[in-house]
Amino acid sequence: MRDTPVIGVLALQGDVREHLIALASADALARPVRRPEELAEVDGLVIPGGESTTMSKLAVLFGMMEPLRERVRAGMPVYGTCAGMILLAEKILDPRSGQETVGGLDMIVRRNAFGRQNESFEAAVEVDGIEGGPVEGVFIRAPWVESVGAEAEVIAEHGGHIVAVRQRNVLATSFHPELTGDHRVHALFVEMVRAVK
């Protein structure tokens, strides 16, 4: 049974439950992670959507920011959706006061780039590395990637904007695949974790 990867979902704020369900359906052992000792026990981590500024401040408050940075630098696979994408960026174009990032993706992101809550939408997104046709993406106050460095690979675009990026063991999407019942992006991430494990 230990062949099953243990994947945490950062449970400080955001849509944690949906990710736990998506990971379990993709054959991972999924558990919430709130403390450094829980982070130490997982093979990979999902940083969910939510409010990126709040998440950043809570990560610092809970003593999670440095352990997160260390694990990502050490090669732990991590997947960020929406706010999670912002937290994985090396640079935020328009950061809020006191907002920090974990880093791991050589990219610059723009917060709330697709508009406010009432401008949320769903769209079919072709994602490189995912077979079976486009993924249904739910965009809620979603960021987009302004630019990527040489290390980062663009794996999806929507409306001329970068919405999914991968760099070695780090994956990020602007959209929320966990809200659709289509767990192919999570399955891709589980395979990334298995490959490292």
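Residues numbered from 1 in each chain as written. Predicted model: local features only at pLDDT ≥ 70, side-chain atom pairs only at ≥ 80, totals over all residues. Heavy atoms only, no water.

Asker: Any chance you could explain the overall build of the protein chain here in plain terms?
Answerer: Across its full length, the protein chain carries 6 helices and 12 strands. The C-alpha radius of gyration of the protein chain comes to 15 Å, within 12% of the 16 Å expected for a compact globule of 197 residues. Referenced to the eigenvectors of the C-alpha coordinate spread, the extents of the protein chain come out at roughly 40 × 40 × 35 Å. Taking all 197 residues of the protein chain together, 53% fall into the buried category. (Helix = DSSP H or I, 4+ residues; strand = E, 2+ residues; numbered from the N terminus. Rg over C-alpha atoms; globule rule 2.2 N^0.38 Å. Buried < 20%, exposed > 50% of the residue type's maximum accessible area, 1.4 Å probe, protein only.)

Asker: Would you explain the pairing of strand E10 (residues 153–158) in this entry?
Answerer: On any regular strand, side chains alternate: one points to one face of the sheet, the next to the other face. The pairing of E10 with strand E11 (residues 161–167) spans 5 bridges and is classified as antiparallel. Residue pairing for E11: histidine 158 is matched across the bridge by histidine 161. Between E10 and E11, which pair antiparallel one after the other, the connecting turn spans 2 residues, and glycine 159 there sits at a positive phi close to 60 degrees. (Pairing = 2+ DSSP bridges.)

Asker: Explain the pattern of salt bridges here, please?
Answerer: When charged atoms on two side chains of opposite charge get close, those side chains can pair. The final tally for this structure, using the stated rule, is 10 salt bridges. Here arginine 35 ties to glutamate 38 by a salt bridge, and the two come within 3.4 Å at their closest N and O atoms. The class for glutamate 38 is buried, based on a relative accessible area of 18%. In this structure, arginine 69 and glutamate 66 form a salt bridge, with 2.7 Å as the shortest nitrogen-oxygen distance. (Salt bridge = Lys/Arg side-chain N within 4 Å of Asp/Glu carboxyl O.)

Asker: Would you mind showing me how to read the environment of alanine 164 here?
Answerer: Its place among the elements puts alanine 164 in strand E11. Relative accessible area serves as the criterion here: at 0%, alanine 164 is assigned to the buried category. Between the alpha carbons of alanine 164 and tryptophan 144 there is a distance of 8.5 Å; along the sequence they are 20 residues apart. Beyond its immediate sequence surroundings of up to four residues, alanine 164 is in contact with Met85, Glu153, Val154, Ile155, Ala156, Ala172 and Thr173. (Contact = heavy atoms within 4.5 Å.)

Asker: Can you help me understand the pairing of strand E1 (residues 6–10) in this one?
Answerer: Within E1, 5 of the 5 residues are buried, leaving the element largely enclosed by the surrounding structure. Bridge count between E1 and strand E2 (residues 29–33): 5 bridges; the pairing is parallel. Pairing of valine 9 across the sheet is with proline 32, part of E2. With helix H1 (residues 16–25) bridging E1 and the parallel E2, this β-α-β connection has right-handed handedness. Two elements, E1 and strand E3 (residues 44–47), share 3 bridges in a ladder whose sense is parallel. Note on E3: the bridge partner recorded for glycine 8 is leucine 45. (Right-handed = clockwise from strand over helix to strand, strands pointing away.)

Asker: What is the right way to read the packing of aromatic side chains from this model?
Answerer: The way to describe two aromatic rings as a pair is by their centre distance and the angle between their planes. Scanning the model with the defined rule gives 6 aromatic pairs in all. Measuring from ring centre to ring centre gives 5.8 Å for tyrosine 79 and phenylalanine 189, while their planes differ by 45 degrees; the resulting arrangement is tilted. Here the residue tyrosine 79 occupies a position in strand E4 (residues 78–81), and phenylalanine 189 occupies one in helix H6 (residues 184–196), the gap between them amounting to 110 residues. The two residues tyrosine 79 and phenylalanine 189 agree in class, both being buried. Measuring from centroid to centroid gives 5.6 Å for phenylalanine 139 and phenylalanine 175, while their planes differ by 50 degrees, and the two rings are tilted. Residue phenylalanine 139 is located in strand E8 (residues 135–139), and its partner phenylalanine 175 is located in the loop between strand E12 (170–173) and H6; the two are separated by 36 residues in the primary sequence. For phenylalanine 175, a relative accessible area of 0% puts it in the buried group. Feature note: the residues Phe114, Phe121, Phe139, Trp144 and Phe175 constitute an aromatic cluster, connected by ring pairs. (Phe/Tyr/Trp six-rings, centres within 6.5 Å; stacked < 30°, edge-to-face > 60°.)

Asker: It is not clear to me how the side chain of glutamine 167 should be interpreted in this structure. Could you clarify?
Answerer: Looking at where glutamine 167 falls in the secondary structure, it is placed in strand E11. Under the relative-accessibility criterion, glutamine 167 is labelled buried at 7%. Looking at glutamine 167, its side chain comes within polar contact range of the main-chain nitrogen of aspartate 106, at 2.7 Å. (Polar contact = N/O pair within 3.5 Å; in protein donor to acceptor, adjacent residues only side chain to side chain.)

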